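Remarks on the overall topology
Single-letter residue listing:
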Amino acid sequence: MALILASKSQSRRIVLEMFGFDFAVEPSKVDERSVQLEDPNKLTTAIAEMKAKAVAKTHQQDTVIGIDTMVCKEKLLIGQPNNEENAREIMRLLLGKWHDVYSGYCIISNENVFLGNETSRLKLKLIDDSLFEEYISSGSWSGKAGGYNISDSKFENFVEKVEGSKLNIVGLPAEKILPLIETASKQKAINSIEKVEAKLFRGTL
């Protein structure tokens, strides 16, 4: 029985590798925008379930992980920037303020379906224009909800404070799904959440 990550997210792949899991990556090809729900917990969980079920169709004997992460600022749901200008607009909206990060997850194993979600809060600093434009020009915002990854070395000076799961903000709500993955896949993580965080964030958070 294989462990399958139904996501193209490099951040999720890196975190799973750091935990020591043996897994394959098979991104789903679902239309995430077809899911229309206002509640961010319900929305991300529904999209995660859609991702996992799409991949599980051809992996019925395996364990499939589907995850969706979204940023929310004052009821405005923010996914991945469409382009550089959109990334600039999103980051300007978030800088100097608190916002929420929601992740929904779905794990399918032997016809068992495990659903849930996690929420974290993050406050970004006000950054001078030169550092801001340097980040935008780097393209590091591409493919990331809210236009950032807090484990990215180019972004570490932007973060002021985190409340809740740090790995959830990266896109993998480890506190919730780690026990489920271990049980379903019959694999044990070789590193603790604390060790993974220390290595991933280099002691900056």
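A few points on the structure. (Residues numbered from 1 in each chain as written. Predicted model: local features only at pLDDT ≥ 70, side-chain atom pairs only at ≥ 80, totals over all residues. Heavy atoms only, no water.)

1. Examining the nonpolar core
Using the following cut-off: Residues grouped as a nonpolar core are buried Ala, Val, Leu, Ile, Met, Phe, Trp, Tyr and Cys residues, joined through side-chain atoms within 4.5 Å. Think of it in three bands: with a 1.4 Å probe and only protein chains considered, a residue is buried below 20% of the maximum accessible area for its type, exposed above 50%, and partly exposed in between. The contact criterion used is simple: two residues touch if any of their non-hydrogen atoms lie within 4.5 Å.
Among the nonpolar cores identified, the biggest contains 46 residues, and Phe19, Met91, Tyr148, Ile150, Phe155 and Leu167 are the most heavily contacted of them. Not counting the four nearest positions on each side in its chain, methionine 91 is found in contact with Leu124, Phe132, Ile136, Gly146, Gly147, Tyr148, Phe155 and Phe158. Membership of the second largest hydrophobic core comes to nine residues, among which are Ile4, Val55, Val64 and Cys106.

2. Things to note about the packing of helix α3 (residues 84-94) against helix α4 (residues 129-138)
Rules: Every axis in this analysis is a line fitted to C-alpha atoms, fitted for helices over the stretch in contact. Angles between the N-to-C directions lie between 0 and 180 degrees. Helical segments are the DSSP runs of H or I of at least four residues, strand segments are the runs of E of at least two, and each set is numbered from the N terminus. Orientation categories follow fixed angle ranges, with anything under 35 degrees roughly parallel, anything over 145 roughly antiparallel, 65 to 115 roughly perpendicular, and all other angles oblique. We call a crossing left-handed when the near helix sits turned anticlockwise from the far one by less than a right angle, and right-handed when that turn is clockwise. Only Asp, Glu, Lys and Arg are considered charged, only Ala, Val, Leu, Ile, Met, Phe, Trp, Tyr, Cys and Pro nonpolar, and every remaining residue, Gly among them, polar.
The geometry of α3 relative to α4 is characterised by a closest axis approach of 10 Å and an angle of 140° between their N-to-C directions. If you check the angle between α3 and α4, you find them oblique. Pair α3 / α4 crosses with right-handed handedness. Listed contacts from α4 to Glu84, Ala87, Arg88, Met91 and Arg92 of α3 are Asp129, Phe132, Glu133, Ile136 and Ser137. Counted by class, the contact of α3 with α4 contains four nonpolar, one polar and five charged residues.

3. Re helix α7 (residues 193-201)
Which entries qualify depends on this criterion: The arc under discussion is defined with respect to the helix axis, by the directions toward the C-beta atoms.
Along α7, the residues classified as buried are Ile193, Val196, Glu197, Leu200 and Phe201. One face of α7 carries all of its buried residues, which in axial projection span an arc of 105°. In α7, the exposed positions angled more than 90 degrees off the buried face are occupied by Glu194, Lys195 and Lys199. In this fold, the buried residues of α7 make contact with α1 (10-19), α5 (166-170) and α6 (174-185). Two residues or fewer past α7, arginine 202 is found with a positive phi of approximately 55°.

4. Points about unusual backbone geometry
Of note in this structure, glutamate 74 is not a glycine but carries a positive phi near 50°. Looking at the secondary structure, you find glutamate 74 in the loop between β3 (63-73) and β4 (76-78). The phi torsion at glutamate 111 lies on the positive side, around 70°, for a residue other than glycine. Its location among the elements puts glutamate 111 in the loop between β5 (98-109) and β6 (112-124).

5. Here's the deal with the side chain of serine 11
On the secondary structure map, serine 11 appears in helix α1. On the accessibility criterion, serine 11 (13% relative accessible area) is buried. Excluding residues that lie within four positions of it along the chain, serine 11 makes contacts with Asn149 and Val170.

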